[in-house]
Amino acid sequence: MIALRTERLVLAPLGADDRDAFVAYRRDPDVARWQSWTPEYSATDADDLLAGQPTRFPPSAGEWLQIAVRDAASGALLGDVAVHTVADQPDTYEVGVTVAAEHQRRGVAGEALGAVVAALFDDHGAHRVIATSDQRNAAVARLLTGLGFRHEGRAVEADWFKGEWTTLDTWAILARER
């Protein structure tokens, strides 16, 4: 994968050099709250993820790729964007984004996710890009809406997640909606 560049960011596959910073923000309870992992995320967990990373963007059907979001000036890891190629629908991708707490509220998530979504549509012929979020995560709802995603639905108390029933929102944007 060739790196994607924005005004402030460089996005490229997450690598072994990112491990310690990656583990640090995944262990932050405020960052982990809305994500599939817990604050007990370990270096071994990160090593396993990194070892299984696809090398292709977008990844092959059914695979997830974690793309590092780095500060263009310093090279510091700020977060990551996840891209999943949906296996049973052509040209359909699922995305997610995580930003370390100290880099949030500065437009990093929008800039990074926007660049990935644009690359999926413009360079890889995406038909549809989707996302799922916890209904309580207002920041992600604002982010996705700002990027042009449409709120498609709400599954009320549909997911047993971290010891409680959660309500899931689904989001999508089609190529023709851009």
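Everything quoted here is computed from the prediction, not taken from an experiment. (Residues numbered from 1 in each chain as written. Predicted model: local features only at pLDDT ≥ 70, side-chain atom pairs only at ≥ 80, totals over all residues. Heavy atoms only, no water.)

Undergrad: How should the confidence of the model for the protein chain be read in this particular structure?
TA: Atom-level detail of predicted coordinates should not be read off regions where pLDDT is low. This prediction gives the protein chain a mean pLDDT of 95; 99% of its residues lie at or above 70. Within the protein chain, helix α2 (residues 29-32) has the poorest average pLDDT of any element, 91, and helix α4 (residues 108-124) the best, 98. (pLDDT = per-residue confidence, 0-100. Helix = DSSP H or I, 4+ residues; strand = E, 2+ residues; numbered from the N terminus.)

Undergrad: Sorry, what's going on with the sheet that holds strand β6 (residues 128-134) here?
TA: In sheet architecture, strand pairing relies on hydrogen bonds along the backbone and comes in two forms, parallel and antiparallel. The mixed open sheet is built from eight strands, whose spatial order is β1-β2-β3-β4-β5-β6-β8-β7. Every other strand in the sheet has two partners, leaving β1 (4-5) and β7 (150-161) as the edge strands with one partner each. Relative to strand β5 (residues 92-99), strand β4 (residues 77-85) runs antiparallel, the two sharing seven bridges. Directly across from Val81, in β5, lies its bridge partner Val97. Relative to the sheet, helix α1 (residues 19-26) contacts β3 (64-71), β4 and β5, its axis offset from that of β4 by approximately 85°. The sheet strands contacting α4 are β1, β2 (9-13), β3, β4, β5, β6 and β8 (164-174), and the helix crosses β5 at an angle near 160°. (Pairing = 2+ DSSP bridges. Contact = heavy atoms within 4.5 Å. Axes fitted to C-alpha atoms, helices over the stretch in contact; angles between N-to-C directions.)

Undergrad: When you look at the pattern of salt bridges in this model, what are you seeing that I'm missing?
TA: Should the charged atoms of two oppositely charged side chains come close, the side chains can pair. Per the stated rule, a full pass over the model turns up 11 salt bridges. Note that Arg128 is salt-bridged to Glu152, the shortest N-O span being 2.7 Å. Of this pair, Arg128 sits in strand β6 while Glu152 sits in strand β7; the two residues are 24 residues apart in sequence, bridging distant segments of the chain. Residue class for Glu152 comes out partly exposed when judged on its relative accessible area of 36%. One salt-bridge network, in which partners are shared between bridges, spans Arg128, Arg150, Glu152 and Glu177. (Salt bridge = Lys/Arg side-chain N within 4 Å of Asp/Glu carboxyl O. Buried < 20%, exposed > 50% of the residue type's maximum accessible area, 1.4 Å probe, protein only.)

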